[in-house]
Amino acid sequence: MGSINPRNEIREFLSTRRARITPEEAGLPAYGGNRRVKGLRREEVAMLAGVSVDYYIRMERGSLAGASDSVLEALADALRLDEAERAHLLALARESRTRSRRAAPSTIRPAIRQVLDAVTDAPAWVGNGRLDVVAMNQLARALYSPVLADPRRPANFTRFVYLNPEAAEEFFVDYDRIADDAAAMLRLEAGRNPHDRALIELVGELSTRSERFRRRWASQDVKFHPSGRKRLRHPVVGQLDLDSESMELSSAPGLRLYVYTAAVGTPTADALKLLASWAASHDGLPTEAVQSGTS
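Here is a short report on the structure shown in this document. Being a predicted model, the structure only gives us computed values, none of them experimental. (Residues numbered from 1 in each chain as written. Predicted model: local features only at pLDDT ≥ 70, side-chain atom pairs only at ≥ 80, totals over all residues. Heavy atoms only, no water.)

### Looking at the overall build of the chain
Then comes step 1: Counting its secondary structure elements, the chain contains 14 helices and 5 strands.
Then comes step 2: C-alpha extents for the chain along the principal axes are approximately 70 × 40 × 35 Å.
Then comes step 3: Within the span of the chain, comprising 295 residues, buried residues form 47% of the whole.
Then comes step 4: Sequence separation of at least 24 residues holds for 62% of the intrachain contacts in the chain that already meet a minimum separation of 6. (Helix = DSSP H or I, 4+ residues; strand = E, 2+ residues; numbered from the N terminus. Buried < 20%, exposed > 50% of the residue type's maximum accessible area, 1.4 Å probe, protein only. Contact = heavy atoms within 4.5 Å.)

Have a look at this one:
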């Protein structure tokens with residue numbers, strides 16, 4: 001995969017969002033019983049967004065550079081985009097205007113490393129938009145030891161999910177949802193950083209080696225990294241039903257902190273204590289990410 005073309009991204013995203021909405025769902029009369037297009041026609045989207053048909057056609061062909069925020073919001077309303085999809089549309093438009101070249105961060109400052117190491121009772125880790133593991137505390141390394149077993153660095157969750165599916169299906173109780181979410185989050189990052197060379201190489205590798213990833217990538221679905229319940233089958237302590245929270249690191253744009261906890265007195269809380277004891281007795285736990293002084 002040589003590149004992620006922003007114009008293609010715009011065209012495919014808008015056309016797939018348009019195809020999923022019926023005239024009835026949009027509150028429009030469906031004239032004629034034999035529609036040749038799936039979902040809304042371009043002229044119907046234009047009418048709902050309050051723009052001319054020619055203007056919408058230009059947008060769907062990949063030209064968002066001149067679209068104002070109000071036009072983009074109207075288009076998002078017309079296509080019934082959710083929060084992640086709206087953010088993706090705005091990122092595609094911003095990229096059309098600036099053509100900036102950014103890369104997802106791959107290291108952290110020592111202060112963030114200190115925060116991770118200070119969290120001793122819960123798995124905590126930092127990741128970027130490519131779903132690379134940038135840094136982990138000891139308990140997170142123990143928790144995600146199956147993911148870190150691959151010696152490639154940085155470790156990457158999407159690569160593990162799609163290129164090691166047998167191990168991933170055993171590890172993630174909700175494997176199908178995890179796989180779909182991983183591809184959707186990677187697509188969101190592609191809208192923000194389409195020229196990130198490491199991202200392009202990752203998507204190319206996954207597309208070449210995984211049919212399932214190719215299908216999910218082609219869907220153009222996008223999603224934020226969800227908080228909520230994460231269910232894992234750990235090879236040492238068994239099933240863990242963890243509460244997952246994530247937050248952006250304001251001092252490190254492009255990075256997120258993830259922390260997993262369990263309510264006191266639950267089997268998972270007891271299992272985390274057992275995992276911590278196991279981790280403390282295993283100095284040979286896999287290293288988490290890029291080997292450098294800041295990671």
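### Digging into the nonpolar core
Then comes step 1: W125, Y144, F157 and F172 are the most contacted members of the largest nonpolar core, which totals 46 residues.
Then comes step 2: The element best represented in this core is helix α11 (residues 175–192), accounting for 8 residues.
Then comes step 3: Not counting residues within four places of it along the chain, the set of residues in contact with Y144 comprises W125, M136, F157, F171, F172, K230, L232 and Y260.
Then comes step 4: Counting residues in each nonpolar core, the second largest holds 25 residues, with F13, A26, Y56 and L81 among its members. (Core = buried A, V, L, I, M, F, W, Y, C linked by side-chain atoms within 4.5 Å.)

### A few points about the side chain of R187
Then comes step 1: Inspection of the secondary structure puts R187 in helix α11.
Then comes step 2: A distance of 2.6 Å separates a polar side-chain atom of R187 from the backbone oxygen of W217. (Polar contact = N/O pair within 3.5 Å; in protein donor to acceptor, adjacent residues only side chain to side chain.)

### A few points about the pattern of salt bridges
Then comes step 1: Enumeration according to the criterion identifies 28 salt bridges in this entry.
Then comes step 2: A salt bridge links R86 to D77; the nearest nitrogen and oxygen atoms lie 2.4 Å apart.
Then comes step 3: Under the relative-accessibility criterion, R86 is labelled partly exposed at 22%.
Then comes step 4: Assessed through its relative accessible area of 48%, D77 is described here as partly exposed.
Then comes step 5: For R256, the salt bridge is made with E248, and the minimal N-O distance between the two is 3.5 Å.
Then comes step 6: Taken together, the salt bridges that share partners define one network made up of R17, R20, E85, D176, D180, R212, R216 and D221. (Salt bridge = Lys/Arg side-chain N within 4 Å of Asp/Glu carboxyl O.)

### Some thoughts on helix α12 (residues 197–209)
Then comes step 1: Along its 13 residues, α12 runs 18 Å from first to last C-alpha, staying within 8% of the 18 Å computed at 1.5 Å per residue.
Then comes step 2: Buried residues in α12 make contact with α9 (157–163), α11 and α13 (211–218).
Then comes step 3: Among the residues of α12, the N-terminal cap falls to D196, whose side-chain oxygen and the backbone nitrogen of A198 are separated by 3.1 Å. (Expected span 1.5 Å × (residues − 1).)

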